[in-house]
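Each chain, written out:
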Amino acid sequence: MISVVIPAYNEEESIPHLYKKLKEVLDKLGGEYEIIFVDDGSDDRTPEILKDIAKKDRTVKVIRFRRNYGQTAAMYAGFVHASGDVIITMDADLQNDPEDIPRLLEKIQEGYDIVSGWRKDRKDPFLSRKLPSMIANWIISKVTGVKLHDYGCTLKAYKAEIAKRYRLYGDMHRFLPALAKRFGAKVTEIPVRHHPRIYGKSKYGIGRTIRVILDIFLVKFLNEYITKPLYVFGGVGFLMFFVGFLIEAYLTFLKIFLGEDIGDRPLLILGVLLILTGVQLFSTGVIAELIIRTYYESKGERPYVIEEKINLDEGET
Ligand code: UDP
Ligand code: MG
């Protein structure tokens, strides 16, 4: 069964067209499916239109948010409520093309866990959208090691087993393939069509750039250091402490053996600062370790994902 998850925020004009096209494609596939629209607190006629569609068509399911929580929350809610084996996400604004869905599914059939759409011929303004996105994709690929041309394309297919593992906050929807590295997901990409926006307005501007950069650090941390924060904080802390210690040892030598005055030397203050900051970072690392342990224990989550069990019962012993 296939679940299509569509976040929608003020997309009243696009939705009826999208619904019709999507329906054709899904019917042609022949299998079971559901379409989950997540109305992210729209203040236009999006909710009414969705309710109308859902009344006539039982395959259409609607989740309505009380207010606008953002695209990440909308997609997360879709993942949580999806009952398909494969989950497809796409935008509600007709920029993604439902005709690409069969090709995404083929790749899933080949054994990939995530198939990402690549808007090779993207129909958005160059300076404000395509250029920042090219740079961001390059950095994310480098930093996380999951190489994709187009993280920002919502049109993607996920095995439900992977999508259901996500715990999403903030603006993490842009990093889903990179985040899935934690679960050992096999990721690939295929070129997909992209259309200019005809109805409504884009919900994002250039303002997201700084947030994206901060998020890259977060993803890197979540992927590689989430179970060992002490290495990050403690590592830097230890280095600072060590340099500070050397500085103070040197000054102590000058004072005791050569009788020089050291009270008014900037180096003295730098040394003290490094030692103090070093100790503090180290303690932060220890505290972060405690928090991480509480995090996993309280949720009954394990810091690993098992691919297969042989001759073992399903449950844990
Ligand atoms: N969206 C949403 N909540 C938001 C912002 C956007 O659900 O707070 C939806 C929006 O309706 C669309 C998709 O996310 O279906 C992508 O948004 P948009 O087309 O504005 O982004 P762009 O294509 O310009 O990057
Ligand atoms: Mg769009």
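In what follows, the accompanying structure is described. Worth saying up front: this structure is predicted, and the values here are computed from it rather than measured.

Conventions and cut-offs
- Think of each chain on its own: its residues are numbered from 1, step by step along the sequence as written.
- Chain A is the first chain written and ligand 1 is the first ligand written, with later ones labelled in order.
- Note on the predicted model: pLDDT of at least 70 is required for a residue's local features to be given, and 80 or more for side-chain atom pairs to be given and counted; whole-chain, interface and lining totals, by contrast, use all residues.
- Neither water nor hydrogens contribute to the side-chain values; these are computed over all heavy atoms in the structure.
- Helix and strand assignments follow DSSP, with helices taken as H or I runs no shorter than four residues and strands as E runs no shorter than two, numbered in order from the N terminus.
- Buried means the residue's accessible area, taken with a 1.4 Å probe over protein chains only, is under 20% of the maximum for its type, while exposed means over 50%, and partly exposed covers the values in between.
- Whether two residues are in contact is decided by their heavy atoms, any of which lying within 4.5 Å being enough.
- Only the protein chains shown count as covering a residue, and every accessible area follows the Shrake-Rupley method with a 1.4 Å probe.
- The sign given to each residue is positive for Lys and Arg and negative for Asp and Glu; His and the chain ends receive no count.
- The atoms used to mark charge sites are NZ of Lys, CZ of Arg, CG of Asp and CD of Glu.
- An axis is simply a line fitted to the C-alpha atoms; with a helix, the fit covers only the stretch in contact. Between two such axes, the angle follows the N-to-C directions and lies from 0 to 180 degrees.
- Geometric relationships in this document are graded by angle, where less than 35 degrees denotes roughly parallel, more than 145 denotes roughly antiparallel, 65 to 115 denotes roughly perpendicular, and other angles denote oblique.
- Each residue gets one label: Ala, Val, Leu, Ile, Met, Phe, Trp, Tyr, Cys and Pro are nonpolar, Asp, Glu, Lys and Arg are charged, and the others, such as Gly, are polar.
- The nearness test applies per residue and asks whether one of its heavy atoms lies within 4 Å of the molecule or strand.
- In protein, a polar contact requires one atom able to donate a hydrogen and another able to accept it; more generally it is a pair of N or O atoms within 3.5 Å, and residues adjacent in sequence count only if both atoms are side-chain atoms.
- It is the rotation of the near helix from the far one that decides the hand of a crossing: anticlockwise by less than a right angle makes it left-handed, clockwise makes it right-handed.
- Any carboxyl oxygen of Asp or Glu that lies within 4 Å of a side-chain nitrogen of Lys or Arg is treated as forming a salt bridge with it.
- We call a set of buried Ala, Val, Leu, Ile, Met, Phe, Trp, Tyr and Cys residues a nonpolar core when their side-chain atoms join them within 4.5 Å.

Helix and strand content of the chain: 10 helices and 7 strands. Structurally, the chain occupies a C-alpha span of about 90 × 55 × 35 Å along its principal axes. Burial analysis of the chain (317 residues in total) assigns 43% to the buried set. Counting only contacts in the chain whose residues sit at least 6 apart along the sequence, the fraction spanning at least 24 positions is 79%. Accessible area of the chain: about 17900 Å², with a carbon and sulfur share of 60%. One finds the centroid of the 46 positive side-chain charges in the chain at a distance of 2 Å from the centroid of its 43 negative side-chain charges.

This next bit is on the environment of Val 146. Locating Val 146 in the fold gives a position in the loop between helix H5 (126-144) and strand E6 (156-159). Here the alpha-carbon distance between Val 146 and Lys 186, two residues 40 residues apart in the chain, equals 9.7 Å. Discounting residues that sit within four places of it in the chain, Val 146 has contacts with Ser 141, Tyr 151, Pro 177, Ala 178, Lys 181 and Val 187.

Relative to the helices and strands, Lys 23 resides in helix H1 (residues 14-29). A relative accessible area of 16% means that Lys 23 is categorised as buried. Not counting the four nearest positions on each side in its chain, Lys 23 is found in contact with Tyr 33, Asp 57 and Thr 59.

With that out of the way, let us pick up the packing of H1 against helix H4 (residues 101-109). Two numbers describe how H1 lies on H4: the axes approach to 10 Å, and their chain directions differ by 40°. With respect to each other, H1 and H4 are oriented oblique. In this structure, H1 contributes Leu 22, Val 25 and Leu 29 to the contact, and H4 contributes Ile 101, Pro 102 and Leu 105. Looking at the contact of H1 with H4 residue by residue, the classes come out as 6 nonpolar, no polar and no charged.

A word on the site of ligand 1. Around ligand 1, the surrounding shell holds 18 residues, and the nearest of these are Glu 11, Asp 40, Asp 93, Ser 202 and Lys 203. In the environment of ligand 1, an oxygen atom lies 2.8 Å from a nitrogen or oxygen atom belonging to the backbone of Ala 92. Between ligand 1 and Arg 197 there is a distance of 2.9 Å, counted from an oxygen atom to a side-chain nitrogen or oxygen. Here the shell around ligand 1 is composed, by residue class, of 5 nonpolar, 5 polar and 8 charged.

Relative orientation of the contacting elements H5 and helix H8 (residues 209-224) amounts to 15°, with a least axis distance of 10 Å. Taken together, the axes of H5 and H8 lie roughly parallel to each other. Once H5 is placed against H8, the crossing between them reads as right-handed. From H5, Ala 136, Ile 139, Ile 140, Val 143 and Thr 144 reach across to H8, where they touch Val 212, Ile 216, Val 219 and Lys 220.

Turning next to the pattern of salt bridges. This structure, assessed with the given rule, holds 21 salt bridges. The salt bridge involving Asp 39 is made with Arg 64; its shortest N-O contact spans 3.2 Å. Taken together, the residues Asp 39 in strand E2 (residues 33-39) and Arg 64 in strand E3 (residues 60-64) connect sequence positions 25 residues apart. A relative accessible area of 0% means that Asp 39 is categorised as buried. Residue Arg 167 is joined to Glu 301 by a salt bridge in which the shortest nitrogen-to-oxygen separation is 3.8 Å. Highlighted residues: Arg 167 in the loop between helix H6 (160-163) and helix H7 (176-179) and Glu 301 in the segment after helix H10 (266-299), separated in sequence by 134 residues. The exposure class assigned to Arg 167 is partly exposed, which follows from its relative accessible area of 38%. Salt bridges sharing partners connect three or more residues here, namely Glu 11, Asp 93, Arg 197 and Lys 203.

Of all hydrophobic cores here, the largest spans 38 residues; its most connected members are Phe 79, Tyr 166, Phe 175 and Leu 179. Elements that contribute at least two residues to this core include exactly E2, helix H3 (71-81), H5, H6, H7, H8 and H10. Of all hydrophobic cores here, the second largest spans 32 residues; its members include Ile 2, Leu 26, Leu 105 and Ala 157.

With that settled, the discussion passes to unusual backbone geometry. Even without being glycine, Asn 10 reaches a positive phi, approximately 55°. Inspection of the secondary structure assignment puts Asn 10 in the loop between strand E1 (2-8) and H1. One non-glycine residue, Leu 94, lies in the positive phi region at around 70°. Tracing the backbone shows Leu 94 in the loop between strand E4 (86-89) and H4. Given a relative accessible area of 13%, Leu 94 falls into the buried group.

This is a description of form; function is not addressed.
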